[in-house]
Amino acid sequence: MRALDTLGMSVQAIARNKLRSFLTTLGIIIGVASVVAMVHLGQSATRSVTEQIASIGSNLLFVMPGTAQRGPGGLRTSAENFELGDVEAIRNEVAGILVAPALTTSATVVIGNANDTIPVIGTTNDYFAVRNHYLDYGREFEDSEQSAGAAVCIIGKTLIEEMFLGQEPLGANIRVGRTACRVIGVLVEKGESMGQDRDKIILMPVKAVQRRLVGELDVSAIYVSALVDGTTGLVQAQIESLLRQRRNPAAGGADDFYVRDTQDIAQTLESTTNTLTVLLGAIAAVSLLVGGIGIMNIMLVSVTERTREIGIRLAIGARARDVLTQFLVESIALSTLGGIIGLIVGVGGTWLVTWQLDMPFVVSPAVMAVGFTFSVAIGVIFGYFPARKAAMLNPIDALRHE
Amino acid sequence: MGPVNVGVSEISQSSPCVVEARDIYKIYGSGATEVRALDGVSLNIRAGEFVAIMGPSGSGKSTCMNILGCLDVPSSGEYRFRGVEVGGLNRDELALLRRNFMGFVFQSFNLLPRTSALSNVELPLIYEGVRPAQRHELAMQALTTVGLADRAHATSAQLSGGQQQRVAIARALVTEPPLLLADEPTGNLDTAMAGEIMKELVSIREQRGITILMVTHEPDIARYADRVLFFTDGKLVRDGTPSEVIP
Ligand SMILES: Nc1ncnc2c1ncn2[C@@H]1O[C@H](COP(=O)(O)OP(=O)(O)O)[C@@H](O)[C@H]1O
Ligand SMILES: [Mg+2]
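Just so you know, these numbers come straight off a predicted model, no measurement behind them.

Asker: Tell me about the layout of surface pockets, and please be specific about residues and values.
Answerer: Put simply, the second largest pocket is a space of about 430 Å³. If you trace the second largest pocket, you find 23 residues lining it, with E305, R306 and E309 of chain A together with P113 and R114 of chain B closest to the centre. Only α1 (3–16), α2 (18–56), α9 (262–305), α10 (307–315) and α11 (320–357) of chain A provide two or more residues apiece to the lining of the second largest pocket. Classifying every residue of the lining of the second largest pocket gives eight nonpolar, seven polar and eight charged.

Asker: How would you summarise the site of ligand 1 if you had to cite specific residues and measurements?
Answerer: Around ligand 1 sit R400 of chain A together with Y28, V35, A37, P56, S57, G58, S59, G60, K61, S62 and T63 of chain B, and that is every residue in its neighbourhood. Looking at what sits near ligand 1, you find residues from chains A and B. Take G58 of chain B: an N or O atom from its main chain is 2.7 Å from an oxygen atom of ligand 1. A distance of 3.1 Å is found between an oxygen atom of ligand 1 and a backbone nitrogen or oxygen belonging to G60 of chain B. With three residues, helix α1 (residues 61–68) of chain B is the single largest residue contributor to the shell around ligand 1. Broken down by class, the residue content of the shell around ligand 1 amounts to four nonpolar, six polar and two charged.

Asker: How would you sum up the sheet that holds strand β1 (residues 17–28) of chain B? Please name residues and give values.
Answerer: Residues and elements named next belong to chain B. Strand order in the open sheet formed by four strands is β2-β1-β4-β5, and the pairing between neighbours is antiparallel. Each edge of the sheet is formed by a strand with only one pairing partner; in this case those strands are β2 (35–46) and β5 (84–85). Pairing of β1 with β2 involves nine bridges; the strand directions are antiparallel. Paired with I27 across the strands is R36, a residue of β2.

Asker: Could you give an account of empty space enclosed by the protein, with specific residues and numbers?
Answerer: In the structure shown here, the tally under the stated rule is three cavities of 30 Å³ or more. The computed volume of the largest cavity comes to approximately 70 Å³. Contributing to the lining of the largest cavity are A315 and I316 of chain A together with R98, R99, M102, G103, F104, P124, R171, A172 and T175 of chain B. Of all elements in the fold, only α2 (91–101), β6 (102–105) and α5 (161–173) of chain B reach the threshold of two or more residues within the lining of the largest cavity. Top element by residues in the lining of the largest cavity is β6 of chain B. It accounts for three residues. Looking at the second largest cavity, its volume works out to about 40 Å³. Around the second largest cavity, the lining residues are A21, I24, L38, V41, L43, C64, I67 and L68 of chain B. Contributing elements (two or more residues each) for the lining of the second largest cavity: β1, β2 and α1 of chain B. In terms of residue class, the lining of the second largest cavity is built from eight nonpolar, no polar and no charged.

Asker: So what's going on with the nonpolar core? Which residues, and what values?
Answerer: The biggest cluster of nonpolar side chains holds 65 residues, and the ones touching the most others in it are V19, L43, Y79, F81 and M102 of chain B. Per-element tally for this core: the top contributor is α11 of chain A, with eight residues. When sequence neighbours within four positions are dropped, the list of residues in contact with F81 of chain B reads V18, V19, V86, L97, F101, M102 and L179 of chain B. Listed in part, the 46 residues of the second largest apolar core include L118, Y224, A225 and V245 of chain B.

Asker: Pulling in residues and values, what's your account of the pairing of strand β13 (residues 221–226) of chain A?
Answerer: Residues and elements named next belong to chain A. Where burial is concerned, most of β13 is hidden: six out of the six residues are buried. Going residue by residue along β13, you find A221, Y223 and S225 tucked away on one face and I222, V224 and A226 tucked away on the opposite face as well. One ladder, built from four bridges, connects strand β1 (residues 60–65) with β13; its direction is antiparallel. Among the inter-strand pairings, F62 is bridged to a residue of β13, identified as Y223. Note that strand β4 (residues 97–111) and β13 share six bridges and pair antiparallel.

Asker: Quick rundown of the domain arrangement of chain A? Include the residues and the values.
Answerer: By a widely used convention, the size of an interface equals the accessible area lost when the partners come together. Per the domain assignment, the segments making up chain A are domain 1 (3–52 + 267–400) and domain 2 (80–255). Placing a centre on the C-alpha atoms of domain 1 of chain A and another on those of domain 2 of chain A gives a separation of 56 Å.

The rules behind each value
- Residues numbered from 1 in each chain as written.
- Chains lettered and ligands numbered in written order.
- Predicted model: local features only at pLDDT ≥ 70, side-chain atom pairs only at ≥ 80, totals over all residues.
- Heavy atoms only, no water.
- 1 Å grid on protein atoms, 1.4 Å probe; cavity = no way out; pocket = protein on both sides within 12 Å on 5 of 7 lines; lining within 4 Å.
- Points joined across faces, edges and corners; volume = space filled by probe spheres on them.
- Helix = DSSP H or I, 4+ residues; strand = E, 2+ residues; numbered from the N terminus.
- Nonpolar A, V, L, I, M, F, W, Y, C, P; charged D, E, K, R; others polar.
- Near = heavy atom within 4 Å.
- Polar contact = N/O pair within 3.5 Å; in protein donor to acceptor, adjacent residues only side chain to side chain.
- Pairing = 2+ DSSP bridges.
- Core = buried A, V, L, I, M, F, W, Y, C linked by side-chain atoms within 4.5 Å.
- Buried < 20%, exposed > 50% of the residue type's maximum accessible area, 1.4 Å probe, protein only.
- Contact = heavy atoms within 4.5 Å.
- Domains from an automatic or database assignment.

In structure tokens, the structure reads:
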């Protein structure tokens, strides 16, 4: 028997029962589509995290008070904040860096009739370079404003859009907490990053935030940027030993501060998305398995239904292996067809979701190949048993079957 | 409708035996429920003979024919087909024997549903591995032989019973087998159509010298054969010319 004829017979059998064939392959279509979409979306999420981390600023170190365990949901204990002296010490002792203090709080902001709660960061002019977030127009803080803690502020673009309603922001007076504050500059637009609007922000001189908003003379974080690539490790070690001296924790006790670099954060997030990808992929794989069982079920029904046909074929000279191949090829053709449709649906779904969520669209040939191979393999595995059942039929019993 | 006398004289006693069966038993069940479908049957069929198997319902006609056609295996006994001991062959060898040496026609036609007459006739050639172009040609020739060339693309549902049986005959003959086995080929047809089918078989036999083994319980149909075997309760009880056997 020629291979092409075997294929032709199977295609005819599939075409003869179009609706049933479609419903049979539906399980495989859904299975392959969800595996492909899940894994692709996972890769896309990882890519988008990586891109966002890069936009925050590479070579960036966050120095935070307290202790933190690595990983998501790690335990954090609070500790005393830093002093401005710590920032100065780091600036003076560690070479090749930019450093900016940050005292972060949030305040009710009133602009004309609009009011909202906005994150406020007390910092210095080094913030722009360290956080890779520069002035669009207006001016930086003047030295006198910094030392006096003057009520001046630099605002993000979201405030202009949502609260200024088209008015000229520069020189305007806005209320931040209980302080009237003059706008002197506007930051460039950064967009959203990890669910946070990075343009919904107000920068003020650190002393202004300390005295006018928080009422404490400390700093809640220190941002450090290494000027030379690949030196963050060294910089981190220097900062750690310096702060250990300065903060002088209980002998033998753990540090009451920690340094995180963006690389760490990226890794944490990536491992989270990877875990999610594996989990969703596993669920999708189960649906693929269910699809395979669906194929087996229909093939078994089909063998029973076509017992007489099998008897006729055996009577006119089909060998057991001819019948076996016919049914096996039929189930492989069904599952492969389902696999191909599933790939198309999966990639289409991925494209739709990434387009809607503004994520990068990733298509991995490896994932496609695995999805396709699996669908073919499922046809072989779940088609074999029904095909064998058909091939083992006794010609005369099969012919007598009603 | 009278008997048609076909060159019986041409089949001499020296023609080789196509079928040689010795002490064939086919027993279903055991103990009290035991059924002896065949109870020690021995018979020879020579090349070119047209043999009818007669007998009441349940006498083992079909069972005998299925065993001689290698669709079924006997419980015991020896069966030689063209000198080859069939008992020693495996499933696939039996399939090849059917493919190359036998053609089957059944009472219920047994065409593949929703498949054209042409495709049905082509089916045995597909299993032989014949290429499509040659396959079409041979199948069309076979359909022409049975007078159905113009209905080649009709499916079984679009054909009358007589036409379906002609397609089945074309399918049985397309591989040019030396032996044609027919189990009540006219059983589902009215008298007129039955006569046409029988004339078809007789003319094919005249053209090709094919050996025919046919089961029937109708004396009028059996008279087309040149030898009648009469079965009762799984035993071969009479063997002779139609006029000798049929009362
Ligand atoms: N598969 C089977 N299982 C049990 N008994 C069977 C089977 N096939 C045939 N028989 C029995 O064998 C006997 C002969 O059957 P069969 O050859 O079909 O008779 P006929 O064709 O002469 O009417 C019957 O009694 C029938 O009931
Ligand atoms: Mg019968």
